[in-house]
Amino acid sequence: MIHVAAAVIIQNGKVLLASRPADKPPAGWEFPGGKLEPGETVAAAAIRELREELDIQITAHEELYQLQTGKLILTFIRCEITGNETPVPQENQQFRWEKITPDAPAELLPNDLEFWKFLNSIK
């Protein structure tokens, strides 16, 4: 099994999305995060991955949603950026703040689209 933490950072009605690095298919946009290392919690993985990928410090809070497809477990966890930091991509990817609306961004990856629907149901 591959377990992935996905950080859900919401500010001013918008959520942080990141593009997949070109060398890590599939192409598209997703909630930032990455694979858990052995013995690592979802919160610890989210904190580590956002520091590595976007050079920001975050606080991880509660897990919001979990999706399992095949050998992938994807756990979405509510996070917040500590201080006034601005994401700075470190792995040749981009980021953007996307308004939370019923219509998901066209480029959102399928597993993240599943969470987008849930996110709209709780906002």
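Just so it is clear, the model here is predicted, and its values are computed rather than measured.

Student: Could you give me a rundown of the overall build of the chain, with the residues and numbers involved?
Tutor: Helices and strands together make up the secondary structure of the chain, namely two helices and seven strands. Its helices and strands taken in sequence order, the chain reads β-β-β-β-α-β-β-β-α from the N to the C terminus. Against the compact-globule benchmark of 14 Å for 123 residues, the chain has a radius of gyration of 13 Å, which places it among compact chains. In the chain, which comprises 123 residues, the proportion classed as buried is 41%. For the chain, restricting intrachain contacts to residue pairs at least 6 apart in sequence, the fraction spanning at least 24 positions comes to 61%. With the model as given, the accessible surface of the chain reaches about 6,700 Å², and the carbon-plus-sulfur share is 50%. Between the averaged position of the 12 positive side-chain charges in the chain and that of its 18 negative side-chain charges there is a distance of 4 Å.

Student: Hey, could you go over the layout of surface pockets for me, with residue numbers and the actual values?
Tutor: Counted as a void, the largest pocket has a volume near 550 Å³. Every element with two or more residues in the lining of the largest pocket is listed here: β1 (2–11), β2 (14–19), β4 (33–35), α1 (42–54), β6 (72–81) and α2 (110–122). In terms of residues, the lining of the largest pocket owes the most to one element, β1, which gives four residues. Of the residues contributing to the lining of the largest pocket, the split by class is 14 nonpolar, five polar and eight charged.

Student: Give me the lowdown on α1, citing residues and values where you can.
Tutor: Between its first and last C-alpha, α1 extends 17 Å over 13 residues, near the 18 Å set by a 1.5 Å rise per residue. Here the buried face of α1 lies against β1, β2, β4, β5 (58–69), β6 and β7 (95–99).

Student: Outline the side chain of Glu 53, listing residues and values.
Tutor: Position of Glu 53 among the secondary structure elements: in helix α1. In this view, Glu 53 contacts Pro 32, Gly 33, Val 88, Pro 89, Gln 90, Glu 91 and Gln 93; residues no more than four positions away in its chain are not counted.

Student: Lay out the packing of aromatic side chains with the relevant residues and their values.
Tutor: Applying the stated criterion across every chain, the model contains eight aromatic pairs. Ring geometry for Phe 31 against Phe 76: centres 5.6 Å apart, planes inclined by 90 degrees, an arrangement best described as edge-to-face. With a gap of 45 residues between them, Phe 31 in the loop between β3 (29–30) and β4 and Phe 76 in strand β6 connect regions that are remote in the sequence. Residue class for Phe 31 comes out buried when judged on its relative accessible area of 3%. For the ring pair Phe 115 and Phe 118, a centre distance of 5.9 Å and an interplane angle of 40 degrees mean the geometry is tilted. A residue pair is termed a helical-turn pair when its members lie 3 or 4 positions apart in one helix, as Phe 115 and Phe 118 do in helix α2 at three residues.

What counts, and where the lines are drawn
Residues numbered from 1 in each chain as written. Predicted model: local features only at pLDDT ≥ 70, side-chain atom pairs only at ≥ 80, totals over all residues. Heavy atoms only, no water. Helix = DSSP H or I, 4+ residues; strand = E, 2+ residues; numbered from the N terminus. Rg over C-alpha atoms; globule rule 2.2 N^0.38 Å. Buried < 20%, exposed > 50% of the residue type's maximum accessible area, 1.4 Å probe, protein only. Contact = heavy atoms within 4.5 Å. Areas by Shrake-Rupley, 256 points an atom, 1.4 Å probe, with all protein chains shown as cover. Lys, Arg positive; Asp, Glu negative; His and termini not counted. Charge placed at Lys NZ, Arg CZ, Asp CG, Glu CD. 1 Å grid on protein atoms, 1.4 Å probe; cavity = no way out; pocket = protein on both sides within 12 Å on 5 of 7 lines; lining within 4 Å. Points joined across faces, edges and corners; volume = space filled by probe spheres on them. Nonpolar A, V, L, I, M, F, W, Y, C, P; charged D, E, K, R; others polar. Expected span 1.5 Å × (residues − 1). Phe/Tyr/Trp six-rings, centres within 6.5 Å; stacked < 30°, edge-to-face > 60°.

All we've got here are geometric facts, nothing functional implied.
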